[in-house]
Amino acid sequence: MGDVWKALADPTRRKILKLLKKDSLNAGEIAAEFNMTKPSISNHLSILKQADLVDSEKIGQNVIYSLKTSVLEDMLKMLSDLTGREDK
């Protein structure tokens, strides 16, 4: 889970996740939303993939990125379990 926290700690990666929440996008479409180099975006996407927060699929010459919600759902459940009250 450490990779997930690291990935979510960066505002650029959180914005990428918000973009992917709306629709699957290729790296160029993602990069168009930022004022940074494509290699920088590629690095952010790599960190998100390592954290298992995004999926990638090669379609023709493009790699399409999409949001994976399973890890986020697991984190939310864990946080909910930690903050929930037990009946005594």
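Higher on the page you've got the structure.
This section reports on the structure supplied with the text. Predicted, not measured: the structure shown is a model, and the values here were computed from it.

1. Some words on the overall build of the protein
Tallying secondary structure elements over the protein gives five helices and three strands in all. Across the protein, helices and strands are ordered from the amino to the carboxyl terminus as α-α-β-α-α-β-β-α. The dimensions of the protein, computed from C-alpha atoms along their principal axes, are 60 × 25 × 20 Å. A total of 88 residues make up the protein; the buried ones form 30% of that total. If you take every contact in the protein between residues at least 6 apart in sequence, the share linking residues at least 24 apart comes to 52%. In the protein, which carries 14 positive and 13 negative side-chain charges, the distance between the mean positions of the two groups comes to 6 Å.

2. Notes on the pairing of strand β3 (residues 62-67)
Bridge count for strand β1 (residues 25-26) against β3 is two bridges, and the pairing is antiparallel. What sits directly across from Leu 25, in β3, is Tyr 65. In this sheet, β3 lies alongside strand β2 (residues 54-59) in antiparallel orientation, the contact comprising six bridges. Considered in β3, the bridge of Ile 59 is made with Asn 62. Counting the residues in the hairpin turn of β2 and β3 gives two residues, including Gly 60, whose phi is positive at 65°.

3. Here we look at a nonpolar patch on the surface
A contiguous nonpolar patch, built from Trp 5, Leu 76, Met 78, Leu 79 and Leu 82 and spanning about 500 Å² of accessible area, is present on the exposed surface. When residues in the nonpolar patch are grouped by element, the largest group, four residues, is from helix α5 (residues 70-83). Residue Leu 79 is classed as partly exposed on the basis of its relative accessible area of 34%.

4. Here's the deal with the packing of helix α1 (residues 2-9) against α5
Running from N to C, α1 and α5 cross one another at 100°; their axes reach a closest spacing of 11 Å. Between α1 and α5, the angle is such that the two are roughly perpendicular. Here Val 4, Trp 5 and Leu 8 of α1 come into contact with α5, specifically with Val 71, Leu 72, Met 75, Met 78 and Leu 79. Its residues placed into classes, the contact of α1 with α5 shows eight nonpolar, no polar and no charged.

What counts and what doesn't
- Every chain begins its residue count from 1, and numbering advances along the sequence as written.
- It should be noted that, the model being predicted, local features are given only for residues of pLDDT at least 70 and side-chain atom pairs only at 80 or more, the latter also being counted only at that level, while totals for whole chains, interfaces and linings use all residues.
- Note that the side-chain values use all heavy atoms of the structure and ignore hydrogens as well as water.
- Strands are runs of DSSP state E lasting at least two residues, helices are runs of H or I lasting at least four, and both sets are numbered from the N terminus onward.
- Burial classification: accessible surface area is computed with a 1.4 Å probe over protein chains only, and a residue below 20% of its type maximum counts as buried, one above 50% as exposed, and the rest as partly exposed.
- Any two residues having at least one pair of non-hydrogen atoms within 4.5 Å are treated as being in contact.
- Charge counting follows a simple rule: Lys and Arg are positive, Asp and Glu are negative, and His as well as the terminal groups are ignored.
- Where a charge sits is defined by one atom per residue type, namely NZ (Lys), CZ (Arg), CG (Asp) or CD (Glu).
- Between any two strands, pairing holds if DSSP finds at least two bridges.
- Each patch groups residues whose relative accessible area exceeds 30% and which form no salt bridge, using 9 Å between like charges and 5 Å between nonpolar side chains of Val, Leu, Ile, Met, Phe, Trp and Tyr.
- Values of accessible area rely on a 1.4 Å probe in the Shrake-Rupley scheme; residue burial ignores everything except the protein chains shown.
- One speaks of a salt bridge when a side-chain nitrogen belonging to Lys or Arg is within 4 Å of a carboxyl oxygen belonging to Asp or Glu.
- Only C-alpha atoms enter the line fits that serve as axes; for helices the fit covers just the stretch in contact. Angles between N-to-C directions range over 0 to 180 degrees.
- An angle counts as roughly parallel when it lies under 35 degrees, as roughly antiparallel when it exceeds 145, as roughly perpendicular when it falls between 65 and 115, and as oblique in every other case.
- Side-chain classes are defined by residue name, with Ala, Val, Leu, Ile, Met, Phe, Trp, Tyr, Cys and Pro counting as nonpolar, Asp, Glu, Lys and Arg as charged, and the others, Gly among them, as polar.

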